[in-house]
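As a plain string of letters, each chain reads:
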Amino acid sequence: MSARLPELVEEALATGTLAGLPDKHFINGRSVSSSSGRAMDTFDPGSGRPFAHVAAGGAEDVEAAVAAAKAALATTWRQTTPAERGRFLYRAASLVREHADRLAVAECLDCGKPLGEAKGDVAGTARAFEYYAGACDKLQGETIPLGQDYLAYTLNEPVGVTAHITPWNFPISTLGRSVAPALAAGCTVVAKPAEQTPLTALMLADLLSEAGLPEGVFNVVTGTGPEAGAPLVAHRDVRHVTFTGSVATGTLVMQAAARNITRVTLELGGKSPVIVLSDSDMEQALAGVLGAIYENAGQICSAGSRLVIERAIHDKFLEELTRRTKELTLGHGLRDPNVGPVNSQAQLDKIVDYVEGAKARGIRVATGGARAADPQTGAGWFFEPTILDNVAADDVVIQEEIFGPVLAVQTIESIDEAIERANGTPFGLVAGIYTQDITKALRLARDIDAGQIYINEYFAGGIEVPFGGNKKSGFGREKGLEALRSYCKIKSVAAKI
Ligand code: ADP
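Residues numbered from 1 in each chain as written. Predicted model: local features only at pLDDT ≥ 70, side-chain atom pairs only at ≥ 80, totals over all residues. Heavy atoms only, no water.

1. Considering empty space enclosed by the protein
Consideration 1: This model, assessed by the stated rule, comprises three cavities of 30 Å³ or more.
Consideration 2: By volume, the largest cavity amounts to about 70 Å³.
Consideration 3: When the residues that make up the lining of the largest cavity are grouped by side-chain class, the tally is seven nonpolar, four polar and two charged. (1 Å grid on protein atoms, 1.4 Å probe; cavity = no way out; pocket = protein on both sides within 12 Å on 5 of 7 lines; lining within 4 Å. Points joined across faces, edges and corners; volume = space filled by probe spheres on them. Nonpolar A, V, L, I, M, F, W, Y, C, P; charged D, E, K, R; others polar.)

2. Focus on the sheet that holds strand β17 (residues 386-389)
Consideration 1: Read from one edge to the other, the open sheet built from seven strands follows the order β14-β17-β18-β13-β12-β20-β21, with strand pairing classed as mixed. What marks the edges here is a single partner per strand, and that holds for β14 (364-367) and β21 (452-455). Each neighbouring strand pair of the sheet contributes to a mean axis angle of 25°, computed without reference to strand direction.
Consideration 2: As defined by bridge partners, strand β13 (residues 304-310) adjoins strand β18 (residues 406-412) across five bridges and the pair is classed as parallel. Directly across from V308, in β18, lies its bridge partner Q410.
Consideration 3: Sitting on the sheet, helix α12 (residues 311-327) is in contact with β12 (272-276), β13, β14, β17 and β18, with an inclination near 140° to β13.
Consideration 4: Sitting on the sheet, helix α15 (residues 415-422) touches β12, β13 and β18, and the angle it makes with β18 is about 145°. (Pairing = 2+ DSSP bridges. Helix = DSSP H or I, 4+ residues; strand = E, 2+ residues; numbered from the N terminus. Axes fitted to C-alpha atoms, helices over the stretch in contact; angles between N-to-C directions. Contact = heavy atoms within 4.5 Å.)

3. Description of the site of the ligand
Consideration 1: Near the ligand lie 18 residues; those nearest to it are T166, K192, E195, S246 and T249.
Consideration 2: Within the contact set of the ligand, an oxygen atom lies 2.6 Å away from a side-chain nitrogen or oxygen of K192.
Consideration 3: Secondary structure elements with two or more residues in the shell around the ligand: α9 (225-233), β10 (238-244) and α10 (247-259). (Near = heavy atom within 4 Å. Polar contact = N/O pair within 3.5 Å; in protein donor to acceptor, adjacent residues only side chain to side chain.)

4. What about the layout of surface pockets?
Empty space among the atoms becomes visible once a probe the size of a water molecule is rolled across them.
Consideration 1: Looking at the largest pocket, its volume works out to about 970 Å³.
Consideration 2: Secondary structure elements with two or more residues in the lining of the largest pocket: α9, β10, α10 and α13 (345-360).
Consideration 3: Here the lining of the largest pocket takes six residues from α10, the largest share from any one element.
Consideration 4: Across the lining of the largest pocket, the residue classes break down as 20 nonpolar, 13 polar and six charged.
Consideration 5: Counting the residues that make up the lining of the largest pocket, at least three belong to each of domain 1 (5-268 + 475-493) and domain 2 (273-462).
Consideration 6: In terms of lining residues, the second largest pocket is bounded by 30 residues, among which F170, S173, R177, G461 and K479 are the most central.
Consideration 7: At the level of elements, α6 (115-133), α7 (171-184) and β21 are the ones that each hand at least two residues to the lining of the second largest pocket.
Consideration 8: For the lining of the second largest pocket, the element with the highest residue contribution is α6, accounting for seven residues. (Domains from an automatic or database assignment.)

5. Considerations on the domain arrangement of the protein
Consideration 1: Assigned domains of the protein: these are domain 1 (5-268 + 475-493) and domain 2 (273-462).
Consideration 2: On a C-alpha basis, the centroid separation for the pair domain 1 and domain 2 is 30 Å.
Consideration 3: Buried area between domain 1 and domain 2, both sides added, is near 2200 Å², and the carbon and sulfur share of it is 62%.
Consideration 4: Where domain 1 touches domain 2, the interface holds zero salt bridges.
Consideration 5: Ranked by the residues each element gives to the side of domain 1 that touches domain 2, the list is headed by helix α5 (residues 100-111), at five residues.
Consideration 6: In terms of residue class, the side of domain 1 that touches domain 2 is built from 15 nonpolar, eight polar and seven charged. (Buried area = accessible area lost by both parts, 1.4 Å probe. Salt bridge = Lys/Arg side-chain N within 4 Å of Asp/Glu carboxyl O.)

6. A closer look at the environment of D149
Consideration 1: In this structure, D149 sits in the loop between β5 (143-144) and β6 (150-158).
Consideration 2: Taking relative accessible area as the criterion, D149 reaches 38% and is therefore assigned partly exposed.
Consideration 3: Taking C-alpha positions, D149 is 42 Å from F129, a pair spaced 20 residues apart along the chain.
Consideration 4: Setting aside its immediate chain neighbours within four residues, D149 contacts A495, K496 and I497. (Buried < 20%, exposed > 50% of the residue type's maximum accessible area, 1.4 Å probe, protein only.)

7. Remarks on the pairing of β6
Consideration 1: Relative to β6, β5 runs antiparallel, the two sharing two bridges. Considered in β6, the bridge of I144 is made with A152.
Consideration 2: Where β5 hands over to β6, the hairpin turn is made up of five residues, of which G147 adopts a positive phi near 100°.
Consideration 3: Sheet topology places β6 next to strand β24 (residues 488-496); nine bridges connect them, and they run antiparallel. Counterpart to P158 in the pairing with β24 is C488.

8. Some remarks on the packing of aromatic side chains
Consideration 1: For the structure on display, the rule yields seven aromatic pairs.
Consideration 2: Between W168 and F403, the aromatic rings sit 5.4 Å apart at their centres with planes inclined by 85°, giving edge-to-face as the arrangement. Linking W168 in the loop between β7 (161-165) and α7 with F403 in the loop between α14 (396-399) and β18, this pair joins segments that are 235 residues apart in sequence.
Consideration 3: Taking relative accessible area as the criterion, W168 reaches 15% and is therefore assigned buried.
Consideration 4: On the accessibility criterion, F403 (14% relative accessible area) is buried.
Consideration 5: Ring geometry for Y458 and F459: centres 4.7 Å apart, planes at 80°, overall edge-to-face.
Consideration 6: Overall, the relative accessible area of 6% leaves Y458 in the buried class.
Consideration 7: F459 gets classed as partly exposed once you look at its relative accessible area, which sits at 23%.
Consideration 8: Here the aromatic residues Y454, Y458 and F459 are joined through ring pairs into a cluster of three or more.
Consideration 9: Sitting above the plane of the F170 ring, K113 keeps its charged end 3.7 Å from the centroid. (Phe/Tyr/Trp six-rings, centres within 6.5 Å; stacked < 30°, edge-to-face > 60°. Lys NZ or Arg CZ within 6 Å of the ring centre and 35° of its normal.)

9. Points about the sheet that holds β5
Each strand in a sheet pairs with another by means of backbone hydrogen bonds, the pair being arranged parallel or else antiparallel.
Consideration 1: Taken in spatial order, the three strands line up as β5-β6-β24 in an open sheet, and their pairing is antiparallel. Two strands lie at the open edges of the sheet, namely β5 and β24, each paired on one side alone.

10. Observations concerning the packing of helix α2 (residues 59-74) against α9
Consideration 1: Relative orientation of the contacting elements α2 and α9 amounts to 40°, with a least axis distance of 8 Å. Put simply, α2 runs oblique to α9. Classified by chirality, the crossing of α9 by α2 is right-handed. Contacts between α2 and α9 involve A59, V62 and V66 on the former and, on the latter, E227, A228, P231 and L232. (Parallel < 35°, antiparallel > 145°, perpendicular 65-115°, else oblique. Left-handed = near helix turned anticlockwise from the far one by under 90°.)

11. Some remarks on α15
Consideration 1: A large share of α15 lies buried, amounting to six of its eight residues.
Consideration 2: Among all positions of α15, only I415, E417, A418, I419, R421 and A422 are buried.

Right, here's the structure in full:
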């Protein structure tokens with residue numbers, strides 16, 4: 001029996017790390033060092049110190065991983081029946097649950113997020129494997145009526161070797177949600193986790209191997225974006241890339257994939273509005289807005305980073321929201337505060353620049369607005385939960401993604417103005433709507449250009465609900481049965497009888 005949560009947390013707090021963390025690539029069923037022999041540190045954002053190291057991969061490691069994935073696709077994985085694939089995925093789900101505590105503590109150290117959130121991410125990852133396990137043997141094609149002299153049908157064939165480039169804000173859950181449908185569809189996988197948070201991808205590789213997945217079906221190469229990510233997305237044998245990250249990097253990924261006519265699913269940034277109308281349930285709306293922007297310290301592509309609120313309730317709502325924001329506890333993720341650190345020094349500097357710029361332009365800071373530290377140690381990369389009030393529609397803190405615990409408030413007079421504000425950025429990922437009036441809610445849902453609409457509960461839904469963006473937030477959908485389409489290619493067969 002492995003150690004349980006309290007012992008793991010104690011070990012991590014006492015030693016600053018966990019014993020036995022993986023530190024090598026996972027290629028063709030084995031842990032291997034980089035061909036260059038190089039390694040890189042990974043940091044604990046709660047202390048700002050390195051706590052583990054992993055292999056720093058490059059083109060040669062990517063080559064080995066893609067070759068392994070290609071060979072497995074043509075041999076073992078192709079011969080595995082859909083029902084057997086489903087059983088592998090069910091076993092993976094149970095193993096993730098069995099090792100949930102260790103995965104959560106590792107995620108918390110690597111990513112910085114509060115332990116409760118990390119536990120939720122791990123539970124969500126197990127759920128993704130379970131959900132897609134049930135889909136493996138239901139990827140049916142169609143028969144197409146051409147009259148009695150023909151038989152025409154379609155097959156959902158696996159697209160081939162798939163690459164999964166994941167970000168540092170939800171390391172295990174973004175990987176799980178894209179790898180599970182890829183495996184369900186019969187594809188093989190090469191994953192490249194973000195260099196800031198490589199550990200849980202490697203831990204997942206060990207668990208998938210324990211679940212009995214044949215060698216080469218799931219591979220992980222760790223390393224930086226330019227050194228390991230770029231050769232992976234440019235590889236001619238990769239037939240689909242699932243990328244979650246910034247718009248700038250997503251553009252590079254799409255360009256590189258275009259050279260091989262490789263398909264892409266891009267889940268990029270957002271600047272999502274939370275619209276609060278004057279008839280909303282205030283308690284529900286306050287809880288929703290707080291969670292939407294302060295969960296994971298605002299480092300969520302679908303964070304509700306803009307509050308779009310009717311003038312009639314602006315003052316009252318802001319007063320209470322500010323009071324509750326001031327009460328939020330900050331601290332090391334392992335102590336499970338309300339808000340943890342941001343992931344890196346670079347990310348912290350970026351947030352500081354945005355907020356200092358807003359102050360210089362005369363924007364009112366209702367609360368927060370400064371760097372902070374772990375109250376227990378004085379260390380770590382923290383930023384105070386912050387509210388910027390009455391911001392103009394064309395201001396950069398409305399138009400650009402900050403990716404931090406910073407809420408920008410926009411005041412509106414009407415539903416039409418709410419729609420205009422909601423649609424008034426380059427992004428289209430999510431919109432939250434708080435109102436008791438079903439007609440208003442459905443009108444907003446109809447007229448807002450976003451991939452997801454949440455009514456009266458921000459982040460409603462789970463792995464069952466398709467997720468993705470419009471405009472600069474990307475395209476393609478993850479989650480739900482919809483995600484399976486990315487990993488299938490349809491073959492039509494028509495025969496003359
Ligand atoms: P951020 O700028 O916040 O670090 P990125 O979008 O650059 O976010 O990173 C998301 C993922 O993309 C990470 O796994 C990163 O290593 C990877 N990445 C970065 N640059 C490239 C690239 N040129 N090609 C492929 N992957 C990349």
